[in-house]
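Results of the structural survey
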Amino acid sequence: PLLLAPSLFHMIAREAPAALRPVRNVVVGGEQMDLAATRRVLAANPPGRLVNGYGPTETTTFASYFHCTNESLAGREAVPIGYALQQTRLHVLDEDLKPVADGEVGELCVGGPGVALGYLHQPELTAERFVPEGHGGPLMYRTGDLVRRLPDGALSLVGRRDRQIKLRGFRIELEEIERAAAATGLVDGVFVEKVGEGPFAWLAGFALPAAGVPADTLPGALSAALAERIPSYMVPSRWEVLSELPLGPTGKVDRARLQARLRDLPAASPGAAEPVPPELARIW
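Residues numbered from 1 in each chain as written. Predicted model: local features only at pLDDT ≥ 70, side-chain atom pairs only at ≥ 80, totals over all residues. Heavy atoms only, no water.

**What to know about the sheet that holds strand β15 (residues 238-241)**
As summarised here, the arrangement of the three strands in space is β13-β14-β15, forming an open sheet in which the pairing is mixed. Each of the sheet's edge strands pairs with one partner strand only, and the pair in question is β13 (187-195) and β15. On average, each strand axis in the sheet is tilted by 25° relative to the strand beside it, whichever way the strands run. Across eight bridges, β13 lies against strand β14 (residues 202-209) in antiparallel orientation. (Pairing = 2+ DSSP bridges. Helix = DSSP H or I, 4+ residues; strand = E, 2+ residues; numbered from the N terminus. Axes fitted to C-alpha atoms, helices over the stretch in contact; angles between N-to-C directions.)

As structure tokens, then:
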């Protein structure tokens, strides 16, 4: 089998989608797997088996899997992280560690023989992230990942607890914007961050154009497509078009380098000087 970081898998899907055909098993894991890139590989003489693998290191690498085929991905807007692997137990829980109803968003907690004992010489962090599974049960790991259970039982990744922001009173999951942008088919990579604080906060996005999409028209086309999928307050005010994905030493996208570029952007939203809508003027 071949294990690929998603950034490398996406690069192969973009440049040579048929290159994985001779491989019997390909497992992609470490970050969210892009749906458009996955379909591109499946359409071009795919490998024998293409699997989306999910699992933090604290659960001994993998906790869930999803077998990617044209049939299993039909009608989906994102690649699910799928189903529990072997003896692993996956729980979708609220802030009080109580189960949420199917379809509702909760934190993914992982139990089973793969769960680690804790962090070496970090008892406080261990107590925070490794908690009893039920009343007095074995330890399970709080991943910090937000998921929902789909009608077929597969889990779909929604975002991270630590990437949930507030913007002018609205609670926003940044990954939800990124997934909506990826679902447009206009990009091969997209990353959204909050810039500034308080009333001057706004959203900035980085996007790598999909093959055949002109870089100069991408910002307008992407904003227009997003306006049909998500509320207007979730559409980034500004897009920076990437020529390539910045990768870190592990092969994952280096978000720190992208965030560093935001420091040079103006503090106020580019849209702050736009005319006030008539209905808002009447309220004032």
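**Quick look at the sheet that holds strand β2 (residues 25-29)**
With mixed pairing, five strands are arranged side by side in an open sheet as β1-β2-β3-β4-β5. Pairing within the sheet leaves two strands with one partner each, and these edge strands are β1 (2-4) and β5 (83-84). Of the pairings in the sheet, the one linking strand β3 (residues 49-54) to strand β4 (residues 64-67) comprises four bridges and is antiparallel in character. In the sheet register, Val 51 faces β4, and the bridge partner there is His 67.

**Some thoughts on the pairing of β14**
Put simply, side chains in a regular strand alternate between the two faces of the sheet. Summarising burial for β14: eight of the eight residues are buried, a large majority. Taking every second residue as pointing to the same face, both faces of β14 are buried, with Trp 202, Ala 204, Phe 206 and Leu 208 on one and Leu 203, Gly 205, Ala 207 and Pro 209 on the other. Summarising the sheet, β14 and β15 pair through four bridges and their orientation is parallel. In the strand pairing of β15, Ala 204 is matched with Arg 238. Crossover connection from β14 via helix α5 (residues 218-227) to parallel β15: handedness right-handed. (Buried < 20%, exposed > 50% of the residue type's maximum accessible area, 1.4 Å probe, protein only. Right-handed = clockwise from strand over helix to strand, strands pointing away.)

**Some details on the packing of aromatic side chains**
If you walk through the whole model with that rule in mind, you get five aromatic pairs. Ring centres of Tyr 65 and Tyr 83 lie 6.3 Å apart, and the angle between their planes is 55°; this geometry places the pair in the tilted category. Here Tyr 83 lies in strand β5 and Tyr 65 lies in strand β4, a separation of 18 residues in the sequence. Overall, the relative accessible area of 29% leaves Tyr 83 in the partly exposed class. Relative to Tyr 141, the ring of Phe 130 has its centre 5.1 Å away and its plane inclined at 45°; by these criteria the two rings are tilted. On the criterion of sequence distance, the pair formed by Phe 130 in strand β8 (residues 130-132) and Tyr 141 in strand β9 (residues 139-149) is long-range, its members being 11 residues apart. Taking the relative accessible area as the measure of exposure, Phe 130 reaches 4% and is therefore buried. Pairwise contacts between aromatic rings join Tyr 65, Phe 66 and Tyr 83 into one cluster. (Phe/Tyr/Trp six-rings, centres within 6.5 Å; stacked < 30°, edge-to-face > 60°.)

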